[in-house]
Every structure is written in C-alpha cells, then in structure tokens.
Amino acid sequence: MTMIKTLRVMLIPNKKQNTRLFQFAGSARFAFNWALAQEKKNFDEGGKFISDYELRRLFTQFKQQTGNEWLYTISNNVCKQAIKDAVIAYQKFFKGLAQHPKFKSRKRNKPGFYADPVKIKFSSTHVKLENIAQSKKKNRQSANWFRLAEHNRIPTECSYSNPHITFDGLNWFLTVGIECEAPKPAAGADGIGIDVGVKDLAICSTGHVYKNINKTSRVRRLKKKARRLQRKLSRKYIKNKKGESYRKTRNIIKSEKQLLRRTHRLTNIRTNHIHQVTTEIVKREPSFIVMEDLNVSGMMKNRYLARAVQEQKLAEFYRIMQYKSDWNGIRLITADRFYASSKLCSVCGHKKKDLKLKDRIYRCPECGTVIDRDLNASLNLYHYGKSILTH
Ligand SMILES: [Zn+2]
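Note that the coordinates shown come from a computational prediction; the quantities given were computed from them, not determined experimentally.

Asker: Give a description of the overall build of the chain that names residues and reports values.
Answerer: Within the chain, the secondary structure is distributed over 8 helices and 14 strands. For the C-alpha atoms alone, the extent of the chain along its principal axes is close to 85 × 60 × 50 Å. Classification of the 391 residues of the chain by burial places 26% in the buried group.

Asker: Talk me through the pairing of strand β11 (residues 288-292); I want residue IDs and the actual numbers.
Answerer: Most of β11 sits out of view: 5 of its 5 residues are buried. Residues Phe288, Val290 and Glu292 point to one face of β11 and Ile289 and Met291 to the other, with burial holding for every one of them. Where β11 and strand β12 (residues 331-335) come together, 5 bridges link them in parallel fashion. Each bridged residue has a counterpart across the sheet, and for Ile289 the counterpart in β12 is Leu332.

Asker: Give me the lowdown on the domain arrangement of the chain, citing residues and values where you can.
Answerer: Under the domain assignment used here, the chain contains domain 1 (2-181) and domain 2 (192-390). Computed from C-alpha coordinates alone, the two centres of domain 1 and domain 2 are separated by 34 Å.

Asker: How would you summarise the nonpolar core if you had to cite specific residues and measurements?
Answerer: In this structure, Ala28, Ala31, Ala35, Ala82 and Ile83 are the most contacted members of the largest nonpolar core, which totals 35 residues. At 9 residues, helix α1 (residues 15-44) tops the list of elements feeding residues into this core. Dropping the residues within four chain positions of it, Ala31 is found in contact with Phe59, Cys79, Ala82 and Ile83. The next biggest cluster of nonpolar side chains, apart from the first, holds 28 residues, and it includes Ile274, Phe288, Met291 and Leu379.

Asker: For the environment of Tyr323, give the residues involved together with the corresponding values.
Answerer: Relative to the helices and strands, Tyr323 is located in helix α7 (residues 314-327). Its 14 C-beta neighbours within 10 Å are what place Tyr323 among the partly exposed residues.

Asker: I'd like to hear about the environment of Leu305, residue by residue, with values.
Answerer: Assignment of secondary structure puts Leu305 in helix α6 (residues 303-311). Exposure remark for Leu305: the 16 C-beta atoms within 10 Å place this residue in the partly exposed category. Taking C-alpha positions, Leu305 is 21 Å from Lys353, a pair spaced 48 residues apart along the chain. If we skip the residues at most four places from it in the chain, Leu305 touches Val198 and Met299.

Asker: So, the sheet that holds β11: which residues are in play, and what are the values?
Answerer: Reading across from one edge, β10-β9-β8-β11-β12 is the order of the 5 strands in this open sheet, with mixed pairing throughout. The sheet is open, and its two borders are formed by β10 (209-211) and β12, each paired with just one other strand. With direction set aside, neighbouring strand axes in the sheet form an average angle of 20°. The pairing of strand β9 (residues 200-204) with β10 spans 3 bridges and is antiparallel. Paired with Ile203 across the strands is Val209, a residue of β10. Along the sheet, α7 makes contact with β8 (192-196), β9, β11 and β12, crossing β11 at roughly 160°.

Basis of the calculations
- Residues numbered from 1 in each chain as written.
- Predicted model: local features only at pLDDT ≥ 70, side-chain atom pairs only at ≥ 80, totals over all residues.
- Helix = DSSP H or I, 4+ residues; strand = E, 2+ residues; numbered from the N terminus.
- Buried ≥ 20, exposed ≤ 12 C-beta atoms within 10 Å, placed from the backbone.
- Pairing = 2+ DSSP bridges.
- Domains from an automatic or database assignment.
- Core = buried A, V, L, I, M, F, W, Y, C linked by C-beta atoms within 7 Å.
- Contact = placed C-beta atoms within 7 Å.
- Axes fitted to C-alpha atoms, helices over the stretch in contact; angles between N-to-C directions.

So this is what it looks like as structure tokens:
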C-alpha cells in the first residue's frame with residue numbers, strides 16, 4: 001500500500017529566477033482568465049460548455065497569433081493546468097454547485113502556478129523546473145535549478161504529484177505530493193486523549209502539557225510591534241489620500257513589506273510550535289489519538305475564544321495532527337459531538353451539569369476527585385477512544 005505525503009519547502013531563487021517565477025505566475029493567471037473569458041462568451045452566446053481538450057486546442061491557435069509569442073517562453077504545463085483549473089471552476093458553476101468563478105487579479109490573488117510532475121527533478125539541495133532558463137544552450141541550463149531552503153527534505157527518487165509553486169508576498173514556496181509506503185499500524189498498545197484549548201495548546205491524558213505560544217513574552221512583543229507598525233501604516237495611508245483614491249508611496253510599500261515580514265514571523269513561530277508539539281506526541285507511538293471536534297467544542301461560540309482559537313491556529317493543529325497520524329499508522333478518533341468530555345468525571349463517570357467555563361478545577365461531588373479541568377477532559381477522551389476500539 002502506498003500513500004501520498006504533501007511537503008512544502010521554500011525556494012531561494014536568484015534575481016533572474018525570481019523574475020521568471022513572476023512571469024510564469026503571470027502566464028498562469030493570463031491563461032486562467034483567457035479560458036474563463038472563452039467559456040463566458042460561449043455561454044452568453046447560448047452555447048453550452050467548452051471542454052478542457054477543446055480549450056487547449058484553441059489556446060494553441062491563440063499562441064500562434066502574432067503578439068502572443070511570449071507564451072512560448074513559458075513551460076507548456078503552466079498554461080495547461082491553469083486552463084484545467086478554469087474549466088473545473090466553470091464546470092462547478094455550470095452544474096449549479098458554485099458561483100461564477102472570478103477572474104484572477106494581480107491584487108487579489110496570490111501568484112502561483114503548477115509545474116510539470118513528470119519533468120520536475122530533485123537533488124538533495126535543488127529542484128529543477130522546466131523552461132526557466134530562456135536559452136536552450138547547455139551551459140545555461142543551471143538556471144533551471146532552484147536552491148531549496150531545506151536540504152534532504154524531499155526524496156530524490158520517487159514519483160511526484162501536483163507540484164505547485166506559490167508566492168506568499170515575501171517568498172516562493174513549492175508544495176509537492178510524494179508517493180511513499182503506507183506505514184504499518186502503530187505497534188504501541190496505548191492511546192492518548194488530547195484536550196485542545198486556549199489556556200494551554202494541548203493537554204494529554206499522559207499528563208504532558210503543551211503551552212500556548214501566544215502567551216510567551218516573545219510572541220507578545222512581536223505582536224505589539226506588528227500592531228504599532230500597522231497603525232503607523234494606516235496613518236500614512238490617510239496622509240497620502242488624494243480625493244477618493246489611496247496612493248502608495250515608496251515609503252508605504254516599504255512599510256507594507258516590513259509589516260508582512262513581521263506577521264509572517266509570527267505565523268512561522270505559531271506553526272513551528274504546532275509542528276514541534278504534534279511531532280512529540282506522535283513520537284510517543286500511541287496506537288490511537290482521541291480529540292474533540294473543534295467546531296462543536298463550544299469554543300467557537302464565544303467571540304473572545306473564537307479569536308484566540310484562530311490566533312492559536314487550532315484548526316491547523318487538527319489538520320497537522322491528522323496527517324501526522326496517517327503518516328505513522330496511528331488511528332485518529334474524533335469524539336462524538338454529544339460526548340461531554342469536560343463535564344464527566346474521569347474517575348467515576350459522574351456527569352456534572354453545572355460546570356462553567358471559568359471552573360478550572362473539576363471537583364466531583366460523587367467520588368470527591370479534584371483534578372485539573374483540562375486533564376480531566378483529556379482522560380475522558382482517552383476512555384472514549386478505548387471504548388470505541390473495544391466495542
Ligand atoms: Zn467522580
């Protein structure tokens with residue numbers, strides 16, 4: 001049995017490569033919009049739906065017209081995939097499953113494009129993309145090789161799927177699916193219940209507690225700096241407003257970049273923390289993991305908490321926990337939405353109906369147990385998982 005892992009790495013392009021990446025992304029946007037316009041025109045004229053195959057044929061003709069030669073300098077697959085994307089989006093609209101797809105704009109959409117999964121190549125330090133070098137000469141081909149920020153992360157001998165390159169405002173990233181052997185079910189006998197929360201990120205039934213990184217002084221300081229910069233920036237916007245329109249001065253563009261760098265730094269710290277925690281949990285080799293469904297946990301109903309949930313990237317925690325469990329053959333169990341993990345006593349099973357959100361300690365009136373609220377919840381989740389697996 002095989003499975004597909006999706007990996008993401010940052011690229012380190014040189015100046016020329018950087019320009020080419022933007023050209024590729026621009027062409028992808030162009031082809032997407034072109035395909036959409038064809039569909040729209042056809043539809044408005046009473047036609048039905050143009051197939052992917054037909055559109056690609058039309059696009060080849062379009063490329064041959066004078067003035068469109070520049071499209072030949074772009075790797076074939078870039079426009080091909082963009083057209084495919086447009087067709088899929090349009091199909092959804094046509095079937096009544098989605099709204100009419102929007103045209104892509106430079107402002108609204110992040111630049112990005114698909115690379116060819118067959119032609120992409122990896123070395124331990126570089127990735128090769130097609131047609132980045134504009135000359136066919138042998139000594140110019142090194143321009144096709146991009147430095148990777150992480151070495152030995154992506155296996156060099158394997159089959160790749162869906163390589164996608166995107167720009168996040170500061171850096172270029174490559175995501176790619178790699179095929180690998182599915183793991184055997186985890187051998188460990190025992191499981192872990194995890195209570196995910198706002199006070200701490202995660203409390204495990206094993207007693208391990210993982211802190212909420214947003215409460216550290218380092219993150220607080222960074223947040224404060226970002227907020228200050230944001231305020232400064234909005235003042236500059238207003239100062240440079242001419243009539244109804246906003247004007248971007250060089251200074252503003254510089255500050256925007258700076259702000260982006262700050263917010264990215266924060267995001268990176270948060271994501272990194274989640275990776276460390278999930279990896280540590282997985283390394284304990286549990287045979288199963290139990291968590292509560294985030295959307296029914298009650299945290300999203302409270303406005304203040306919902307913001308904290310977002311800030312802590314709890315949804316991301318679930319997503320990462322899910323795929324790391326898959327990668328390691330660990331069964332991930334989501335507790336039933338009616339399972340009251342925090343109201344039950346983890347020792348005797350008594351249900352305390354009047355437990356409030358601010359009660360940090362669980363005191364059982366039945367058996368007298370006094371226990372941390374979150375640890376109690378995680379133990380309940382653990383029991384829940386056990387009962388599911390034995391029935
Ligand atoms: Zn009890």
